[in-house]
Amino acid sequence: MDRQPSLRPPFAASLSPQELEQLLEDFSSSASPSRRDRWLHLPLLDLAVAALPRRDVPAHLKPLLLALIDDHLLPPSPHHLPALLSALLAFPADHPLRDHFLVTVVSAFASSLSAPVSRDEEAPPLAGLVDALLAAANRPNHSPDRAARALACDSLRALDAALPGVLADVLGHLYALAAAERSPAAQSYLLLLASAARNVVRLGRLSSSASILAVSGPPTPFSLPAHLLSPPAASTASSAPSEVNLRDIRKVLALLMERPQVLTPAAAMEMTAILAEVAAAVLQWAPAIAAHIKVQFGGMVRSSNPMLLHSLLMLFINFPEAFGAEDERTMARCLALAAREAHRPLAARLLVLHWLLGSGRFRDLVPGLARWFYPAVFDPLALKAKKLDCLAYVVAGVDGQKVAGGSGRELGIELVDDGLVCVSAFRWLPAWSTETCVAFRALHTVLIGAAPHSADSTGCSGAMLVDMASEHRGLVPVIADFIDRMLACDSHRWVGERLLQTLDERLLPRLESGYQLSSYYPLFEKIAQNETVPQLRLIDLLTKQMISLTKKHGSDTELKSWSQGSKVVGICRLMLKHHHSSQIFLPLSHLLVLTIEHFPDLEVRDHARICLRMLSCIPGRKLRHLMEIGEQPSGVAPSHPGSLFDVPSPRPAQDLKSMPVLASYIHLERVVPLVVKQSWALTLPNFSVQSRPSGSILSIQDVSSTPAEQEKPPGPTIERIGYTQETLRVMDSKGAETLQILRRYFACIPDYLHSSGLKIRIHCTFRFDSEPFNCAWGSDLPVSGSDGADELPALYAVSLTFSSSAQFGKIPSCHVPFILGEPPGSGMDIVPLDNQHRKESSHCALVVIELEPREPSPGLIDVSVAANTENCQVISGSLQPITVGIEDMFLKATIPPDIPKECVPNYYMDLFHALWEACNSSSNIGRETFPLSGGKGSAAINGTRSVKLMEVTPKVLIGAVEKYLAPFVVSVAGGSLITILRGNGVLKNIVWEESFSDATVGADALVPYSSDSNLQLQLVDDDEIGVGAERYGHQSKRDMGVVRVMIFLPPRYHLLFLMEVGRASTLVRIRTDHWPCLAYVDEYLEALI
């Protein structure tokens, strides 16, 4: 516990030395910041200042008290300023801490004051402080106290920066002091004059008729300028300076530029910044100032100090007229020379190169200095990389007029080749060495810079890569990754393809068959995967390689023959996957036949026979599609890239007795339970006399527009059902508008037959029980409660694979890196009925199953699990299937990209009416086809309609709609219904139809279907439907309103509800362009209520 000091009452005039020491200790303690709170009720600033001149305070505590004031007690309140000023004036002049105390007091004034200054409270102490500082500085060339005078000038400059213009009235005195000072303190006087002159220019005093250098008396006593005592005036446009002030400001600038040699590099940097600002303000009326600046500061170009060079560069940028082309060339040569001087610091050499490349004034001069950028052998690696960047910039913009000697392409090759000599060690160092990274970074910069302009640099770099690959086989993987980086960029993909073509044309003829050719297989795979590179040279080289392997085969080379033969067949497989079979059929078939007949390894021959059979029997498009299916078998790791042969990883023996009960303790459950506990699905046979895929639905037409010259399998048969072909159709304006809306809408729906379709996601949780798991797999670890996480069993690298007989497309697998078993409960736990509120933790992982439905129908997903245990066992088996319901298929309709956000509700309303009309069995729209996204396929609408009477109160129906169908509600009509739903605040961004008539609702929904329709779903007789409708209309008359619901069913179908809400019951009119979904809709509507 901290020792409590015996503090005096708050009104005590001072603290004892012991209390001061405790105060410093408490404020310096970082372990317990709360120790400072015990002192906060005291006037610490007054007590610390009062303790400085006391003799009973130890000398070593006084610097610490000043540090305490600087770090913790600033800025002070304005009422402390008079006390600080009085303490400063009373402080002994010869005290060793006087300079430190002066800096502290000036910091207090600068941090606590801002314009406008209070005339009664803040102005007197500020004027007193400035008066004291001016009195100290008003002794030019007084040698004994030049350090004190320099400190006073720096303090005045700090106050002038905090309160701009505080010294504006004494600028004449400052000019006289700076002109008279000849001691080393002249730098502080010149900087003070420059700072005051800049603030005078900023305040706009140059346009005044009064001279800015006029003096009316001695500098002391000092009085504050009037502009600091009043609120700042509104800024006005700058006007021309008066003649007298223009002459005065030129005198000030001449004095500031008279002695640059007395300035340190840091002071010269600050001075040039001030000069640039002040001179730019009057340059229009005194253009000779720029020439004067060049004369005074141009000599700094020969300086070796980077700060002086930076100062000169600032003048170059601000006064371009003063420095001609010859000055720019001189400056560029000096910068380039500075980068070559080994005695300079590395940061300075990197900085001058950065200036050369970053400044627009010198960028055009860089090509002329190309020879100066060659890195030296002993340059640091960072400097080598920067110089190579300069050479890459020269090569990218190389031009015969800018760089003398030779054509542009030859000079570019020479520059890059000579520049890489400095990192030539990369040719024999490991591929991961830093030198290798620097060299290929330079090549990448050359290609990126040259790619937008010409292909010459691409050929230059390609020739260099060919030489590297042929002479140093260890660089082949690096070159392959380098080309991969180019191919991955959309803007520079053609550069990577050009490099592959260069390697194919120049590298392959140099290579000879043999065991060493395997080093180039990574490049061969890149060539085989690219469609723009001809494969004849590669196939010819691989044929020679297989002949060589066959001839060299012996008892001691069996493993080499198998490994390299497998890789060659793997490259052939890549050709089959990425190239049209008609282009490579003859040469590739000869290679495969040679392998089948003569290669000594049986496994390689078998795989070559499979490839040859696929090449000769399967059309090209189907062949490439077939090779993409099952790309990587489960549980098998590829032995090498691109190979056909997969070596399974070793697995421990598995206890088969435990497999049947695997699903009893490993669980994959839905997060959101289904509304309908559905366990059946509607499957329709195919009654067409023509050939059509099994289970296809006749009401959907797929139109393929693939060009005739491409390879294509027989397309699906198109049938028009429910009408006879007509030669002429007449459509009114309303129908034409409906067609326009539908065509625009269907153009946004992807065609799943030719591209990726829309996906749905089912969120599930994955977990397993600890006790049954330990019993099944023989774990000896005791299982404790929830606090013993270290004793719980765990599964590693869990892989969940999914399959389904339903038309859900290929379901990607899911992976869980690590999961702990759930601790056993006490037997009294409350188990929720659903899994909706379970959160992800170390005991429960969230899994998302992605489906790409080909048909909107429910189904089951079979789940298989494979995982590793802590004792290196591998478990695998089946889990309980996941049920997919019709509500999982519900999605919102696609919105065209050009629809504004505020127009989306009206667009959905128009789309609902268009689809409602299109799904009418008597509509002519059913004869139209609508192109899908991509332009290859089309869709036709063959609508079906039905009705459902729900005898529930409006309260129940509204609750069900808001809970389950809120995202799909398009509009609500009817005053009372709108009042209820809008008041609940659940439905948003929909159309509220305040006024509607019963006639707007399609009364033909109860009309019996036509005799030539594809489907008749009549639950009761037509007469009974009519009687029911009449009775319903008599009871409710839709006296509350109508709710319109539009649901998108992937891949491209729709389900429309028009709910006519009454007081006692609700009539739901249903229309859809996928009639099989009606088998599930009735059960779903029943489950809602």
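From a predicted model like this one, the values you see are computed outputs, not experimental measurements.

To continue, consider the packing of aromatic side chains. Taken as a whole and judged by the stated rule, the model has 10 aromatic pairs. Here Phe746 and Phe930 contribute two aromatic rings whose centre-to-centre distance is 5.1 Å and whose plane-to-plane angle is 15°, an arrangement assigned as stacked. Placement of the pair is Phe746 in helix 29 (residues 733-746) and Phe930 in strand 11 (residues 929-931), with a sequence separation of 184 residues. In this structure Phe746 comes out as buried when scored by relative accessible area, which is 1%. With 6.2 Å between their ring centres and 45° between their planes, Tyr907 and Tyr908 make a pair best called tilted. Note on Tyr907: relative accessible area 8%, which makes it buried.

As a further point, take unusual backbone geometry. Here the bond from Ala115 into Pro116 is cis, since omega is -5°, no more than 30 degrees from zero. Locating Pro116 in the fold gives a position in the loop between helix 5 (98-112) and helix 6 (123-137). Between Pro1050 and the following residue, Pro1051, the backbone shows a cis peptide bond with an omega angle of 10°. For Pro1051, the location among the structural elements is in the loop between strand 16 (1041-1049) and strand 17 (1053-1061).

Moving on to the sheet that holds strand 18 (residues 1066-1072). Spatial ordering of the open sheet is given by 13-18-17-16-14-15, a layout of six strands whose pairing is mixed. Whereas interior strands pair on both sides, the edge strands pair on one side only; in this sheet they are strand 13 (944-950) and strand 15 (991-993). On average, each strand axis in the sheet is tilted by 15° relative to the strand beside it, whichever way the strands run. Here strand 17 pairs with strand 18 via seven bridges, running antiparallel. Bridge pairing in strand 18 links Leu1058 to Arg1069. Contacts between helix 33 (residues 975-984) and the sheet are confined to strand 14 (969-973), strand 15, strand 16 and strand 17, with strand 14 contributing the most and set at about 130° to the helix. Along the sheet face, helix 35 (residues 1078-1088) touches strand 13, strand 17 and strand 18 and points at about 20° away from the line of strand 13.

Position of Glu277 relative to the elements: it lies in helix 11 (residues 265-282). Judged by relative accessible area, which is 31%, Glu277 ranks as partly exposed. In sequence terms Glu277 and Arg202 are 75 residues apart; their C-alpha atoms lie 9.6 Å from each other. Apart from residues lying up to four places away in sequence, Glu277 is in contact with Arg198 and Arg202.

As a further point, take the packing of helix 25 (residues 558-578) against helix 26 (residues 581-598). Two numbers describe how helix 25 lies on helix 26: the axes approach to 12 Å, and their chain directions differ by 160°. One element, helix 25, and the other, helix 26, form an angle in the roughly antiparallel class. For the element pair helix 25 and helix 26, the recorded crossing hand is left-handed. Residues Cys572, Met575 and Leu576 of helix 25 form the contact with helix 26, whose own contacting residues are Ile584, Leu588, Leu591 and Leu592. The class makeup of the residues in the contact of helix 25 with helix 26 is seven nonpolar, no polar and no charged.

This paragraph deals with the pattern of salt bridges. When the charged atoms of two side chains with opposite charge come close together, those side chains can pair. On inspection of all chains with the given rule, the structure shows 31 salt bridges. As a salt-bridge pair, Glu270 and Arg157 come within 2.9 Å of each other at their nearest N and O atoms. Taken together, the positions of Glu270 in helix 11 and Arg157 in helix 7 (residues 146-162) put the pair 113 residues apart, joining distant regions of the chain. Salt-bridge contacts for Arg198 lead to Glu277; the nearest nitrogen and oxygen are separated by 3.9 Å. Of this pair, Arg198 sits in helix 9 (residues 186-202) while Glu277 is found in helix 11, placing the two residues 79 residues apart along the sequence. Salt bridges here are not isolated pairs; linked through shared partners, they connect Glu25, Asp26, Arg35 and Arg38.

Residues of the protein chain with pLDDT of at least 70 account for 77%, and the chain-wide mean is 78. Across residues 686-728, confidence stays below pLDDT 50; counting only partners more than four residues off in sequence or on other chains, it has 71 contacts.

With that out of the way, let us pick up the environment of Pro218. Here Pro218 lies in the loop between helix 9 and helix 10 (243-256). Here Pro218 falls in the exposed class, since its relative accessible area comes to 63%. A C-alpha to C-alpha distance of 9.6 Å links Pro218 and Asn138, two positions 80 residues apart in sequence.

Let us look at the sheet that holds strand 3 (residues 666-670). If you walk across this open sheet you meet the three strands as 3-5-8, and the pairing is antiparallel. For this open sheet the edge positions go to strand 3 and strand 8 (845-851), each flanked by a neighbour on one side alone. Averaged over all neighbouring strand pairs, the angle between strand axes comes to 30°, with direction disregarded. Here strand 5 (residues 760-768) runs beside strand 8; their pairing, made up of seven bridges, is antiparallel. Residue pairing in the sheet places Arg761 in a bridge with Glu850 of strand 8.

Moving on, we come to the pairing of strand 13. Of all seven residues making up strand 13, five are buried, and the element is well covered by its neighbours. Sheet topology places strand 13 next to strand 18; seven bridges connect them, and they run antiparallel. Its bridge partner being in strand 18, Arg945 is matched across the sheet by Arg1071.

This paragraph deals with the nonpolar core. Among the nonpolar cores identified, the biggest contains 193 residues, and Phe109, Phe524 and Leu588 are the most heavily contacted of them. The biggest single contributor to this core is helix 9, with 10 residues. Not counting residues up to four positions away in its chain, the partners in contact with Leu588 are Ile539, Cys572, Met575, Leu576 and Leu615. Grouped together as the second largest cluster of nonpolar side chains are 72 residues, Leu668, Phe808, Ile1047 and Val1068 included.

Criteria and cut-off values
For every chain, the first residue of the written sequence is number 1, and numbering continues from 1 along that sequence. Residue-level local features of this predicted model are given only where pLDDT is at least 70; pairs of side-chain atoms are given and counted only at 80 or more, and the full residue set underlies all totals for whole chains, interfaces and linings. Each side-chain value is worked out from all heavy atoms of the structure, with water and hydrogens disregarded. Between rings of Phe, Tyr and Trp, where Trp is taken as its six-membered ring, a pair exists when centres lie within 6.5 Å; planes separated by under 30 degrees are stacked, by over 60 edge-to-face, and by other angles tilted. Put simply, DSSP marks the helices as runs of H or I at least four residues long and the strands as runs of E at least two long, and each gets a number from the N terminus on. Each residue's exposure class comes from its accessible area (1.4 Å probe, protein chains only) as a fraction of the maximum for that residue type: buried when under 20%, exposed when over 50%, partly exposed otherwise. Here the rule is simple: two strands pair whenever DSSP picks up at least two bridges between them. Axis geometry follows a simple rule: fit a line to the C-alpha atoms, using only the stretch in contact for helices, then measure angles between N-to-C directions, giving values from 0 to 180 degrees. In what follows, residue pairs with any heavy atoms lying within 4.5 Å of each other are defined as contacts. Reported orientations rely on four angle classes, namely roughly parallel under 35 degrees, roughly antiparallel over 145, roughly perpendicular from 65 to 115, and oblique for the rest. Crossings are assigned a handedness: left-handed for a near helix turned anticlockwise from the far helix by less than a right angle, right-handed for a clockwise turn. Nonpolar residues are Ala, Val, Leu, Ile, Met, Phe, Trp, Tyr, Cys and Pro. Charged residues are Asp, Glu, Lys and Arg, and all others, Gly as well, are polar. The term salt bridge refers to a pairing of a side-chain nitrogen on Lys or Arg with a carboxyl oxygen on Asp or Glu at a separation within 4 Å. Note: pLDDT gives the predictor's confidence per residue, expressed from 0 to 100. We call a set of buried residues a nonpolar core when its members are Ala, Val, Leu, Ile, Met, Phe, Trp, Tyr or Cys and they connect through side-chain atoms within 4.5 Å of each other.

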